[in-house]
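Read off the chains here:
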Amino acid sequence: MSRPSARLDEERHAEALSGHASAFASAFPGDAPPRLFFAPGRVNLMGAHLDYNGGPVMPTAIDRGTFVAARPRADRRVVLASRREAGRQTFDLDDLPGEPTGSWADYPLGVLRSALAHRDAAAERAGTRAAGEPCGVDVLFGGNLAVGAGLSSSASICVATATALDALWDLAEDPMRTVRTALEAEREFVGVHCGIMDPFAVGLARPETLLWLDCRDESWEHIPLDFSRLALAVADTGVRRELAAGEFNRRVAECGEAYERLRARAPGATCLRDVPPAVLEDARVELPPAVAKRAEHVLREVERTFAARDALLAGDPAGFGRAMTEAHASLRDNFEVSCAELDRLVADATSVPGVLGSRLTGAGFGGCTVILLERGAEGELRAALEEGFRAAFGRAPEVALYHGDLGPREVAPA
Ligand code: GLA
C-alpha cells in the first residue's frame, strides 16, 4: 500500500465520473452532456457517539463517495435514477411528496424540498421573487462508497445532491448552507435522529486534515494530520446489520435518559456532555446498569477526545492513537456497539509495530474500523489484518488507505 497522491486521486475521480457520464447517457438519452458532481464519505477518528450528546468529534472525509450526473429539463419534472437500484422515480417540482416514500430516493427528495424552501425564504427576506423558477432535472446517482458500512453514505448522497442543485439552480449557497440542507433532509424529511457530524464532515472536507467539530455550539476548525509521516487506513468487516438502525436509536434514547436523570445534579448542563463524571459516579447506583454504562462511555469519550486533540496539536500522534484504541474498548464494553469482526480487526491492527491506534468508526454493529499508522507500516498492517481475519472468519477484509478529500464539488469529465 503506497501513499496515494492527490493528483492521481483526481485523475481516478475524473475517470470514474466519465464512466458515470456514459451511464447517464444510456439512462437519459439526449444531446447535452450532464454536469458531474462528487461528495465524499467520512470516517470518524475520535468522539464516538458524541455528536447527539453535544460533545466534540474528529472526523475526516475519504475520497470515496457519491457521484451525481445531472442535466436540466425543459419542464418541471425531477427524474431520479440510481445505478444501485432498479427503476426510476419521477416527481413534480410543484407537487413534491410531503411524506417520505420509503425508498432510497427519500434522501435526494428531502434535499430538493429543503433547497426549494430555502430558496423561497431567501428571496422573501430579500424582498424579491426568486429569479425565475428552478428547472426540472434528470439525475443519475452512483459512486464508490460502501453503503451501510459506517462511512456515511447517506450524508454523502445528501451533500452531493445539494451541491448539484446549487450549481444547476444557480443558488450560490455557501458550503455551510449545503451542510444544513443535507441535515434538514435527513432529520426532517427522512426522519433519522442523526447527529450533526456526518454532513459537517462531508460538507466541510479538506485534504490532510481532521475536522474538529464541537457539537454543542457547532464551532469547528481543521486540524492538520501530518501525512508525510502518517497514514490512515480503513478496514471493512463486510458485516452489515439490518437491526443497526434500531440499536442506534436505542443508544440515542439511553443517552437521553442518562441526561434526564443526571441533569438536576449538574446545574447549567445543556446536554449529557456537560455532566461532570463525578456526578455520574455519585448517581450510578440509581441508574439502570445499561444507562450508566452508556453515560460512562460518553463522559470518558469527551475527556479522551479533548486529550487526543491536545496530543495531536502537541506533535504526539502516538498519544492520539492510544486514545483511539481506548475509545474502541469503551465502545465494546460500555456502549456495546462492537462485534467479533470489529474486535478482531482492532486487535490485529494494534499488534503491528508502527500502528498508533485503531477503533470502530461510525455507529458500529459491523461496518469498518479506522487505523492510524506510521508510514512504512502499511504492508505489514494489511498482511496482519488479512491473515487474522481469514483465520477467524474465512474471508479477507477490504483494506484501503485514505488522506482526506477536497470536499463536495463539480468535476470536469476526463
Ligand atoms: C452514526 C451517526 C452519526 C454518529 C455516529 C456515531 O454514524 O450517523 O451522527 O452519531 O453514528 O459516532
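Rules used throughout
- Residues numbered from 1 in each chain as written.
- Predicted model: local features only at pLDDT ≥ 70, side-chain atom pairs only at ≥ 80, totals over all residues.
- Heavy atoms only, no water.
- Axes fitted to C-alpha atoms, helices over the stretch in contact; angles between N-to-C directions.
- Helix = DSSP H or I, 4+ residues; strand = E, 2+ residues; numbered from the N terminus.
- Parallel < 35°, antiparallel > 145°, perpendicular 65-115°, else oblique.
- Left-handed = near helix turned anticlockwise from the far one by under 90°.
- Contact = heavy atoms within 4.5 Å.
- Nonpolar A, V, L, I, M, F, W, Y, C, P; charged D, E, K, R; others polar.
- Domains from an automatic or database assignment.
- Buried area = accessible area lost by both parts, 1.4 Å probe.
- Salt bridge = Lys/Arg side-chain N within 4 Å of Asp/Glu carboxyl O.
- Polar contact = N/O pair within 3.5 Å; in protein donor to acceptor, adjacent residues only side chain to side chain.
- Buried < 20%, exposed > 50% of the residue type's maximum accessible area, 1.4 Å probe, protein only.
- Near = heavy atom within 4 Å.
- Areas by Shrake-Rupley, 256 points an atom, 1.4 Å probe, with all protein chains shown as cover.
- Expected span 1.5 Å × (residues − 1).
- Disulfide = S-S within 2.5 Å.

Turning next to the packing of helix 3 (residues 153–168) against helix 4 (residues 175–190). Packing of helix 3 against helix 4 brings their axes to within 9 Å, and their N-to-C directions diverge by 125°. One element, helix 3, and the other, helix 4, form an angle in the oblique class. Of the two possible hands of crossing, helix 3 and helix 4 adopt the one that is right-handed. Of helix 4, the residues touching helix 3 (which contributes S154, A155, C158, V159, A162 and T163) are T178, T181, A182, A185 and E186. Grouping the amino acids of the contact of helix 3 with helix 4 by side-chain chemistry returns six nonpolar, four polar and one charged.

According to the domain assignment, the chain contains domain 1 (6–226 + 405–410) and domain 2 (230–402). Computed from C-alpha coordinates alone, the two centres of domain 1 and domain 2 are separated by 27 Å. With 35 residues of domain 1 at the contact, the number on the domain 2 side is 44 residues. When domain 1 packs against domain 2, the two sides together hide about 3,200 Å² of surface, and 67% of this comes from carbon and sulfur. Its largest share of buried area at the contact with domain 2, domain 1 owes to M46, H49 and N53, together 21% of the area lost on that side. At the junction of domain 1 and domain 2, the tally comes to four salt bridges. Our enumeration of links across domain 1 and domain 2 arrives at 17 residue pairs in polar contact (both at pLDDT 80 or more). Looking at the side of domain 1 that touches domain 2, the elements with two or more residues in it are strand 1 (35–46), strand 2 (56–72), strand 6 (209–214) and strand 7 (219–224).

Its location among the elements puts R359 in strand 9 (residues 355–360). Look at R359 and you get buried, because its relative accessible area is 0%. Separated by 3.2 Å, the side chain of R359 and the backbone oxygen of L45 make a polar contact.

All residues adjacent to the ligand are R42, A48, H49, D51, Y52, G195, M197, D198, F248, G362 and A363. Contact distances for the ligand include 2.8 Å between an oxygen atom and a backbone N or O atom of H49. Here D51 contributes a side-chain N or O atom positioned 2.5 Å from an oxygen atom of the ligand. Protein chains shield 91% of the accessible area of the ligand, which is 310 Å² for the free molecule. Taken together, the residues that form the shell around the ligand break down as five nonpolar, three polar and three charged. Each of domain 1 (6–226 + 405–410) and domain 2 (230–402) contributes no fewer than three residues to the shell around the ligand.

Below, the discussion takes up helix 8 (residues 289–313). Given 3.6 residues per helical turn, the α-helix brings residues three or four places apart onto the same face. Over its 25 residues, helix 8 extends 36 Å from the first C-alpha to the last, a length consistent with the 36 Å expected when each residue adds 1.5 Å. Positioned one or two residues after helix 8, G315 has a phi angle of 75°, which is positive.

On to the packing of helix 10 (residues 340–350) against helix 11 (residues 378–393). It is at 9 Å that the axes of helix 10 and helix 11 come closest, and there the two elements cross at 145°. Along this stretch, helix 10 crosses helix 11, giving a crossing that reads as right-handed. Two secondary-structure elements touch here, helix 10 through A340, E341, R344, L345, D348 and A349 and helix 11 through L381, A384, L385, G388, F389, A392 and F393. Classifying every residue of the contact of helix 10 with helix 11 by side-chain character gives nine nonpolar, one polar and three charged.

To continue, consider unusual backbone geometry. Here the phi dihedral of S152 falls at roughly 65°; this positive angle occurs in a residue that is not glycine. Inspection of the secondary structure assignment puts S152 in the loop between strand 5 (137–143) and helix 3. Given the relative accessible area of 7%, S152 is considered buried. One non-glycine residue, A172, lies in positive phi territory at about 50°. Its location among the elements puts A172 in the loop between helix 3 and helix 4. When its relative accessible area of 70% is taken as the criterion, A172 is described as exposed.

This part covers the state of the cysteines. Per the stated rule, a full pass over the model turns up zero disulfides. The thiol of C135 is not disulfide-bonded; the next cysteine sulfur, from C158, is found 20 Å away. The closest cysteine sulfur to the non-disulfide-bonded C271 is located on C215, 9.5 Å from its own sulfur.

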